[in-house]
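Observations on the model geometry
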Amino acid sequence: MLKRVLAGIFLILFLTLIGALLYNALKPERLSLDMVLPEIVFRTETGFSESLLVDSIRMTIVVYFHSDCEPCLSQLQLFNESPNVFNDIRVFLLTDERNFFANKKMHAWPNLMQANNFIWGIDEAEQLVERLGARVTPTIYIFDRTGRLLKKIVGEIKLEKLLNELRKRAPDNAFR
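Everything in this summary refers to the structure shown in the same document. (Residues numbered from 1 in each chain as written. Predicted model: local features only at pLDDT ≥ 70, side-chain atom pairs only at ≥ 80, totals over all residues. Heavy atoms only, no water.)

Attention now moves to the pairing of strand S2 (residues 49-52). Here strand S1 (residues 40-43) pairs with S2 via 4 bridges, running antiparallel. The partner of Phe42 across the bridge, within S2, is Glu50. In this structure, the hairpin formed by S1 and S2 is closed by a connection of 5 residues, where Gly47 is found at a positive phi of approximately 95°. (Pairing = 2+ DSSP bridges. Helix = DSSP H or I, 4+ residues; strand = E, 2+ residues; numbered from the N terminus.)

Okay, here's the thing in structure tokens:
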């Protein structure tokens with residue numbers, strides 16, 4: 001009798017887990033291709049709030065990362081080694097780590113701190129999931145000048161491959 005009860009409980013838990021996994025796998029993406037950049041308000045290093053809005057002049061890249069994520073650290077290091085290749089692009093580096101600025105973690109990437117087009121920000125994890133659907137770090141979003149999502153890259157990507165994606169999607173050879 002006890003074996004049947006335990007088997008029944010196990011079966012219910014197993015089916016619940018499978019159902020939850022299927023639900024998450026099959027639900028539509030929050031931010032799919034061709035959708036417009038959602039307004040995201042984040043906190044900057046100075047403590048002020050800033051909005052991530054469409055820039056009609058430049059393409060925009062949003063990078064969702066976490067400083068405890070090895071692929072994220074590697075991705076940020078690639079950006080840090082060649083920030084000048086992104087001169088004509090706005091790059092937002094967003095994390096959900098509340099103590100990121102307090103612990104001065106961004107100092108690990110001095111070139112990104114000095115570049116005017118790289119903007120560091122902190123937002124709540126729930127807000128990033130709600131607006132971007134970001135659950136995995138790193139995730140890179142490429143938006144055109146109208147704010148339309150052109151490409152979403154989950155996981156680390158080599159710099160040359162990212163640059164090729166940008167070249168393919170840049171209007172009128174705006175990005176070389």
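So that's the structure; there's more coming.
What follows concerns the packing of aromatic side chains. Scanning the entire structure with this criterion turns up 11 aromatic pairs. With a centroid separation of 6.3 Å and 20° between ring planes, the pair formed by Phe10 and Phe14 is classed as stacked. One end of the pair is Phe10 and the other is Phe14, both in helix H1 (residues 2-26) and 4 residues apart, which spans about a single turn. Since its relative accessible area comes to 58%, Phe10 is described here as exposed. (Phe/Tyr/Trp six-rings, centres within 6.5 Å; stacked < 30°, edge-to-face > 60°. Buried < 20%, exposed > 50% of the residue type's maximum accessible area, 1.4 Å probe, protein only.)

Summed over the entire model, instances satisfying the criterion amount to 7 salt bridges. When the shortest N-O distance is used, the salt bridge between Arg167 and Glu160 registers 3.2 Å. What makes Arg167 partly exposed here is its relative accessible area of 33%. Of the charged contacts in the structure, one is a salt bridge between Glu165 and Lys168, with a shortest N-O distance of 3.6 Å. (Salt bridge = Lys/Arg side-chain N within 4 Å of Asp/Glu carboxyl O.)

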